[in-house]
Amino acid sequence: MDKGYFNLVDFRANGVPYQLFVRNADTLLHILREELGLMSVKPGCENGDCGSCTVLMDNVPVNACHMLAVEADSHHITTIEGLEDTKLQEAFIANHALQCGYCTPGFILNAHALLSHHPDADEQKINEWLESNICRCTGYQEIKEAIQTVQKELEGNG
Amino acid sequence: MISFDFLYFRPKSVHEALQIYQDLSHEGLQAVFYNGGTEIISRARAGEVQPDAVIDMKGIADCQGYRDEAEWITIGAAVTLSNITDEINCFPLMQRIAKEIATRNARNKISIAGNVLSSLNYREALLPFLLTDSVAVVAGPAGIKEENTAALFANGSRLEPGKLLVQFKTEKERAGANYFFKKKTKQSAVNYPIATLCAMKREGKITAGFSGICTFPFKDAKIDRILNDHALTISARAEEAIAHLPEKMVNDFHASAGYRHFVLEQLLIEMLEHFEEVS
Amino acid sequence: MTERPLSVVGHFVTRVDGYDKAYGRTKYTADVSLPETLHVQMLTSPYAHAKINHIDTSRIWDVQGVRAVVTGNDFPIRVGPLVADRMPLAVDKVRYYGEPVALVIANKPHQAKAACNKIKVSYEQLPVINSPQEAMQNESVLIHEQLNDYKLQVEGICAVPNTNIANHTKIRKGDMEKGWKNSDKIVEAEFSFSPSDHAALETRAVRAEILPDGRVMIYTSSQGPFYVKKLLSQFLKIDEGKISVQTSMLGGAFGGKGCVQLEFLAYLASKAVGGKMVRLVNSREQDMVTSPVHIGLHAKVKLGADSAGKLQAASYEFLFDGGAYSDMGAGISKAGAVDCTGPYKIDNVHCDSYCMYTNHPYATSFRGFGHPEQAFAMERTMDMLAKELAMDPLELRMINAIKPGDTTPTQVHLNASNLGDLPSCLRKLKTLTDYKETKSKITKEGKIRTIGISAFWKTSSTPPNATAGVILTFNTDGSINLNCGAVELGQGSKTVLAQILAERLQMDMKKINVTFEVSTEYDPHQWKTVASSTTYLAGRAVLAAADDIIRQLKQIGSVALRCSPDDLNVGQRLIYLKDSPEYNMKIKDVVVAYKYPNGNSVGGLVIGKGSHVVRHLTPLDPHTGFGKPGPQWTVGAQAVETEYDPKTHAYRIIKAATVLDAGKVINPALAIGQMRGGMYLGLSWASRESFSFDEQAIVCNPSFRSYDVMRIQDHPDYLVDFVETPLVDGPYGARGIGEYGVIGMAGALANSLSQASSCNINQLPIIPETIWKLTKGDKQ
Ligand SMILES: Cc1cc2nc3c(=O)[nH]c(=O)nc-3n(C[C@H](O)[C@H](O)[C@H](O)COP(=O)(O)OP(=O)(O)OC[C@H]3O[C@@H](n4cnc5c(N)ncnc54)[C@H](O)[C@@H]3O)c2cc1C
Ligand code: FES
Ligand code: FES
């Protein structure tokens, strides 16, 4: 029986394999920031309420604050540092869908996962996914417009 | 940030999970079963719980996935609420309820067992199991047992320490029954319910489940009898049902008892009218 | 300068910080993590009012990694911006739920937290003051027994000893008796709302270290790094020059990051560990209640008008819920008073505005600084008056709209430049929202659609010597670096300032590099980044610095091109002869000394400097309020359309509109974004944000789980338009706009829903239960 308060986790972050010895009680948020230096993953509440710590686990958005780092074992974690698609980033800039920028990585990651699962998401679907994320600066409409711009572009290309 | 340390285990089988639990108990250590962890992490951060060990159930095959068989649907205890909304189409009431709990990000982690056994008053995902008389597969030191959810979780009870939920089994025909569902919050959709009402109608009989009204989710035979009493008008049935709640209406900062009464009465009437129209 | 069409100002320009933010590369204060840093955790009070009998810290040493502990007695000095009334760590008693009581410093954050849990504090509960009315009425419970001995930090604050009054502002204008006599209709109403929170997504964070030679280094998420320096210097008795404050980008602020709180704590923590670098980051719960909040209010308003609807008299009593310490609350109560009438001409005005001490978390500035609060009460009363007069609410506002030639409550004379044009805003609002006098529409589903409107104004209550400065340096390629003390909170200031510079120098935006971080070590002094004052103050400083550059470039150019400086122009990265531009030289060849073909050099580095200070402000007369509180007023009009379900009292916000007299819109996209964001914040506040207190004044909902905020599915359609009446001394005519979208939202929302529900909704937040309670009376 393992009696230690630490465990080895073996996972990928943005494609890079890591083997880390982590404290069982540490959240994935903590490890990504303090051990891996992935500071784009933002703490906003550490209670699963605000979505600013959103990361993708095997392309599914989860709140990194509501997950132990040990649970990431053998999974793929993506943060915005690892997001290759830049359409969303450009659209957020062009649509003024960011002001202070603190919520932005979370929104973009969530939107990215949404569009990869549901490229033709309607407004209801967008709401369903992105209600996970709080923004205090914009009016949200800009964010929705940014996503819809990308959808149109994708449609145009496909 | 969680200030204390705990041991972490990821058993591969129910048997192993129980064994770990017992071994720890013998050493005087308190373990908790861990699924989505969304509640355990929050409560540990707030200092409300301080387990010595967590036993992560997600590696146990029996607790994972769902099976759609001839007469039964089996839902693993570790299945997430998002899995349910995305996949379990033969249980539409469950899908609806799951979709209105927390946020999508959270639902990607919240497990059905974690919600049913949550320390909060709400435990909304229990309601569809109550209404369908589903079976809970519970494992404990004495082995694996199938128990009726209504009896097992009556009056807000949860599992005895050391027992764990493996699966839920629901009769397919019941799962597909005609349903009504509405959740009312203080204001934003993402919040705890001040009143959740769901109901199903099978063989001409309505059965209703409630959350947010009392300190636990429930269905109640007496209330069901009232709701089906066609001698009474719809609004009389609603009034009467409210008069027979198993507990005083909750009165807290989310909503006053008076307002909850108002909301619930409207929900009951809406539900009764809905079924009246359908039939 | 000769007139030429503007090429950058007034145009769509992408944010200079857009890429960093969209790619997650912006570093906020807590994103810097240095290995040797020690971590601080706060122990906070579980009671709202209690005597501290004893603090036992002996057991913290059981926890591994603990380095030091600090309690109130280690620094029993009262601090504060207006009234020095708050010890950084409570001494003898706690006055609000969440008040910091002790700090533990440890190697790891979780160790510090574990150690905090081991501190035993023995408290003795005291009776609580749970509302500003109670604070006024209940004189047996004093929150600050020694108020009399407290040091007042600024002129014009009137704290009343042996009461719970932290500040009392009086406005006496005209002749009230005459005013009421001339009134055919009089309406009176009371308004109230609890404190709420800014809830910026980035929680407040700070790092601090004390270097061996005594220099104090502070890295903080503050809207006022220079202000932090000033207060630390004053209360810690350290020379200002020995304190360095650095601020990176802020993850939202909304006024809440102007307060100097955590900086004191981090300093004390660092001192306790021999000056080592320490880091203190608020949890969300601490950020909501331990750090300062958005003020609450109880107000009484009485308005009188003649039969034609002309306002004759107005009286106000504001009891602001400043919480346990006055911080900026005492300034907010004054700001609410000086603009109490809203943008209407009223000759007879009486106002008593109080900042009350209560046992609630203490308040600091919130976007709008007293105005969203005052406007809610005033704009609701205007609608009630319109109803009494059987007059259209928009019409009532139109005929009373304040105009050049009128005076403000503190009797400042207004002109077109310092006021702006409210009637035009109202007219545009009418078109924008398709406003009809037949107000409500009933939908097929039986829901009621209504539009509520509001008008607002605001002057920026800056201190009479508020300043900003700018320094411009060049790179050898001729591109320019803009250094200024304005903090980027998300509002886009850095972009707007770069635009002003690009315009003045006729330069491509791409050639302007803005430093995002602010350091009190190398940036010129700036008061604070608050009060919508940055575009005006720092914008003027940019213009002054640009002119300084142009003068220098022409000077050197005149030597090199053998002409008089007056013959030259600067633009497109060239210095050229006005009448024959083909005679020119590149700016890049001049900025690090011009080299003649023979190798000799003239000139030196070209460095531009500029500054601006607000002028002619005067303190208010304590008896009448007479005085000039701010340099200019910005006006505007807003509307909210709702769809209300009379059966359930639930509603949806369909549209929200703002028409603002911006003076000059420097960046349309940013300005629209500011308006939308402001409307969102105002609507979220008015429709759901509020702290719930139990009888013991404990906050029941200090987290996003139960502190409701608007999410993506709740947003209305936003409509935004501008009027441009130039502010004569504003940069390119621009006025401050940052705060304005918020101000009228609560009033407009409440007006819309009051019409729809046929009851007077005079309290916030407007949740279905609020309306249910009000309508219940009718039905029973
Ligand atoms: C933003 C947000 C909003 C929310 N809103 C709602 C809401 O509206 N309605 C509502 O009902 N809930 C709501 N919740 C609470 C949510 O229900 C709980 O966080 C969640 O149900 C816990 O599930 P989990 O799988 O994460 O459980 P865990 O945290 O893993 O466990 C919760 C409890 O269940 C026990 N447990 C878990 N699995 C087993 C098992 N197999 N056998 C025995 N015991 C087990 C654990 O020991 C623990 O006591 C919300 C949560 C969030 C984050
Ligand atoms: S920080 Fe994780 S959801 Fe808010
Ligand atoms: S841009 Fe500031 S929180 Fe969204």
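Just so you know, these numbers come straight off a predicted model, no measurement behind them.

S.K.: Please give an account of the site of ligand 1 that cites residues and values.
M.R.: Taken together, 33 residues surround ligand 1, and among them Phe33, Thr38, Ser111, Asn115 and Glu124 of chain B come closest. The environment around ligand 1 is built from residues contributed by chains A, B and C. Here threonine 38 of chain B contributes a side-chain N or O atom positioned 2.6 Å from an oxygen atom of ligand 1. For ligand 1, the protein covers 94% of the area, taking 980 Å² as the surface of the free molecule. Put simply, the parts of the chain that give the shell around ligand 1 at least two residues each are strand 2 (31-34), helix 2 (38-45), helix 6 (112-116) and strand 8 (164-171) of chain B.

S.K.: Give me the environment of leucine 197 of chain B: which residues, what numbers.
M.R.: Among the structural elements, leucine 197 of chain B can be located in strand 10 (residues 193-202). In this structure leucine 197 of chain B touches Phe180, Phe181, Lys182, Ala208, Gly209, Phe210, Leu267, Leu268 and Met271 of chain B, once residues within four positions along its chain are discounted.

S.K.: Run through helix 2 (residues 109-116) of chain C, naming residues and quoting values.
M.R.: Where burial is concerned, most of helix 2 of chain C is hidden: eight out of the eight residues are buried. All of the buried residues in helix 2 of chain C are Pro109, His110, Gln111, Ala112, Lys113, Ala114, Ala115 and Cys116 of chain C. Elements in contact with the buried residues of helix 2 of chain C: strand 2 (16-23) of chain A, helix 2 of chain B together with strand 1 (38-44), strand 3 (66-71) and strand 6 (100-106) of chain C.

S.K.: For the UniProt feature "domain: FAD-binding PCMH-type" (unreviewed entry) in chain B, give the residues involved together with the corresponding values.
M.R.: In this numbering, the UniProt entry assigns the feature "domain: FAD-binding PCMH-type" (unreviewed entry) to residues 1-175 of chain B. Helix makes up 34% of residues 1-175 of chain B and strand makes up 22%, while its end C-alpha atoms are separated by 40 Å.

S.K.: Help me get a handle on the domain arrangement of chain B, residues and values and all.
M.R.: What the domain assignment lists for chain B is domain 1 (7-59), domain 2 (61-174) and domain 3 (177-278). Inter-centroid distance (C-alpha atoms) of domain 1 of chain B to domain 3 of chain B is 35 Å.

S.K.: Before we move on, could you go through the sheet that holds strand 1 (residues 7-9) of chain B and cite the residues and values that matter?
M.R.: The strands that make up a sheet are held in pairs by hydrogen bonds between backbone atoms, and each pair lies either parallel or antiparallel. Residues and elements named next belong to chain B. In spatial order, the strands read 1-3-2; together these three strands make up an open sheet with parallel pairing. Of all the strands in the sheet, the pair left with one neighbour each is strand 1 and strand 2. Sheet twist, expressed as the mean angle between neighbouring strand axes with direction ignored, is 20°. Two elements, strand 2 and strand 3 (residues 53-56), share four bridges in a ladder whose sense is parallel. Across the sheet, residue phenylalanine 33 finds its bridge partner in strand 3, namely isoleucine 55.

S.K.: Go over a negative patch on the surface, please, and point to the residues and values.
M.R.: A contiguous patch of negative charge on the surface is contributed by Asp566, Asp567, Asp579 and Glu582 of chain C. Relative to the elements of secondary structure, aspartate 567 of chain C occurs in the loop between helix 14 (534-560) and strand 24 (568-571).

S.K.: Any chance you could break down the packing of aromatic side chains for me, citing the residues and the numbers?
M.R.: Residues and elements named next belong to chain C. All told, the structure shown has 31 aromatic pairs over all chains when counted by the stated rule. Through successive ring pairs, a cluster of aromatic residues spans Phe191, Phe193, Phe376 and Trp685. In this arrangement the basic side chain of arginine 207 is found over the ring face of tyrosine 219, its NZ or CZ atom lying 4.5 Å from the centre. Directly above the ring of tryptophan 180 sits lysine 302, whose terminal nitrogen or CZ lies 4.4 Å from the centroid.

S.K.: Account for the side chain of serine 757 of chain C, with residues named and values stated.
M.R.: All names here are of chain C. Note on placement: serine 757 falls in helix 17 (residues 745-757). Within the structure, serine 757 has its side chain in polar contact with the backbone oxygen of leucine 753 (distance 2.7 Å). Look past the residues within four positions of serine 757 in its chain and what remains in contact with it is Tyr644, Ile771 and Thr775.

S.K.: Explain the domain arrangement of chain C residue by residue, including any values.
M.R.: All names here are of chain C. With domains assigned, chain C is organised as domain 1 (32-128 + 200-253 + 257-289), domain 2 (368-461 + 629-779) and domain 3 (465-486 + 493-507 + 525-608). When each unit is reduced to the centre of its C-alpha atoms, the spacing between domain 1 and domain 3 is 43 Å. The interface of domain 1 with domain 3 comprises five residues on the first partner and seven residues on the second. Buried area between domain 1 and domain 3, summed over both chains or domains, comes out near 570 Å², and the portion from carbon and sulfur atoms is 62%.

S.K.: Quick one: what's the story with the pattern of salt bridges, residue by residue and with numbers?
M.R.: On inspection of all chains with the given rule, the structure shows 61 salt bridges over all chains. As a salt-bridge pair, glutamate 128 of chain A and lysine 99 of chain B come within 3.7 Å of each other at their nearest N and O atoms. On the criterion of chain membership, the pair formed by glutamate 128 of chain A in helix 4 (residues 123-130) and lysine 99 of chain B in helix 4 (residues 92-99) is interchain, its members lying in two chains. With a shortest N-O distance of 3.0 Å, arginine 215 of chain C and aspartate 213 of chain C are connected by a salt bridge. According to the relative accessible area criterion, arginine 215 of chain C is partly exposed, its value standing at 35%. Accessibility expressed as a relative area gives 47% for aspartate 213 of chain C, which makes it partly exposed.

Reading guide: rules and limits
Residues numbered from 1 in each chain as written. Chains lettered and ligands numbered in written order. Predicted model: local features only at pLDDT ≥ 70, side-chain atom pairs only at ≥ 80, totals over all residues. Heavy atoms only, no water. Near = heavy atom within 4 Å. Polar contact = N/O pair within 3.5 Å; in protein donor to acceptor, adjacent residues only side chain to side chain. Areas by Shrake-Rupley, 256 points an atom, 1.4 Å probe, with all protein chains shown as cover. Helix = DSSP H or I, 4+ residues; strand = E, 2+ residues; numbered from the N terminus. Contact = heavy atoms within 4.5 Å. Buried < 20%, exposed > 50% of the residue type's maximum accessible area, 1.4 Å probe, protein only. UniProt positions renumbered as here; feature names shortened; annotations may be inferred. Domains from an automatic or database assignment. Pairing = 2+ DSSP bridges. Axes fitted to C-alpha atoms, helices over the stretch in contact; angles between N-to-C directions. Patch = residues over 30% accessible without salt bridge, like charges linked within 9 Å, V, L, I, M, F, W, Y side chains within 5 Å. Salt bridge = Lys/Arg side-chain N within 4 Å of Asp/Glu carboxyl O. Lys, Arg positive; Asp, Glu negative; His and termini not counted. Charge placed at Lys NZ, Arg CZ, Asp CG, Glu CD. Phe/Tyr/Trp six-rings, centres within 6.5 Å; stacked < 30°, edge-to-face > 60°. Lys NZ or Arg CZ within 6 Å of the ring centre and 35° of its normal. Buried area = accessible area lost by both parts, 1.4 Å probe.

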